[in-house]
Amino acid sequence: MDTLAWAGVLVGGLLLLWSLWATLRANAGRRIPLMRNADVVPPGSIVTRVVGVVAYVFSTLSLAGRSGLWPAFIILAGALVGLVAILVHNRRAAYAERSGGAA
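Values in this document were obtained by computation on a predicted structure and should not be read as measured data.

Student: Could you give an account of the overall build of the protein, naming the residues involved and the relevant values?
Tutor: Looking only at helices and strands, the protein has 3 helices and 0 strands in total. Each helix (α) and strand (β) of the protein, taken in turn from the N terminus, gives the series α-α-α. Overall size of the protein, expressed as C-alpha extent along the three principal axes, is 55 × 25 × 20 Å. For the protein, the proportion of its 103 residues judged to be buried stands at 30%. Just so you have it, the protein exposes about 6900 Å², and 70% of that area is on carbon and sulfur atoms.

The structure is reproduced here in structure tokens:
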């Protein structure tokens, strides 16, 4: 059962990364707000994000009884990866706006 849970964590994480990558690529040169949708939402990215979150979180939580604190670290790491990617993107977009070039 743990193998299935780890596979769910992997698949969910990959779906979340694809959704994030597609959103960042579609909003090149634009800042992405942290607490709402971006200006340009690529087709299928919201559905992919929802399925990814469900697979990632439920698979991680199914490991909670046997894996100690690791599931909490896995969920925190996933959230931090997304946050850092958006912050780096926003910094590049702000720099591009100041310099007059594309990000």
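Next comes the rest of the description.
Student: Go over a nonpolar patch on the surface with me, naming the residues and quoting the values.
Tutor: Together, Leu 34, Met 35, Leu 76, Leu 80, Leu 83 and Leu 87 make up a nonpolar patch on the protein surface, roughly 610 Å² of accessible area in all. Structurally, Met 35 can be placed in the loop between helix 1 (2-26) and helix 2 (45-62).

Student: Pulling in residues and values, what's your account of helix 3 (residues 70-99)?
Tutor: Compared with an ideal rise of 1.5 Å per residue, which puts 30 residues at 44 Å, helix 3 spans 43 Å between its outermost C-alpha atoms and is within 8% of the ideal. Turning to helix 3, its buried residues are Pro 71, Ile 74, Gly 82, Ile 86, His 89, Asn 90, Ala 93, Ala 94 and Ala 96. Buried positions along helix 3 lie against helix 1 and helix 2. In the segment just after helix 3, Gly 100 is the residue with positive phi, at about 85°.

Student: A description of the packing of aromatic side chains should follow, citing residues and the corresponding values.
Tutor: Aromatic ring pairs: the centre-centre distance and the angle between the two ring planes describe each pair. Inspection of the entire model under this criterion finds 1 aromatic pair. It is Arg 25 that lies over the ring of Trp 21; its NZ or CZ is 4.1 Å from the centre.

The rules behind the values
- Residues numbered from 1 in each chain as written.
- Predicted model: local features only at pLDDT ≥ 70, side-chain atom pairs only at ≥ 80, totals over all residues.
- Heavy atoms only, no water.
- Helix = DSSP H or I, 4+ residues; strand = E, 2+ residues; numbered from the N terminus.
- Buried < 20%, exposed > 50% of the residue type's maximum accessible area, 1.4 Å probe, protein only.
- Areas by Shrake-Rupley, 256 points an atom, 1.4 Å probe, with all protein chains shown as cover.
- Patch = residues over 30% accessible without salt bridge, like charges linked within 9 Å, V, L, I, M, F, W, Y side chains within 5 Å.
- Salt bridge = Lys/Arg side-chain N within 4 Å of Asp/Glu carboxyl O.
- Expected span 1.5 Å × (residues − 1).
- Contact = heavy atoms within 4.5 Å.
- Phe/Tyr/Trp six-rings, centres within 6.5 Å; stacked < 30°, edge-to-face > 60°.
- Lys NZ or Arg CZ within 6 Å of the ring centre and 35° of its normal.

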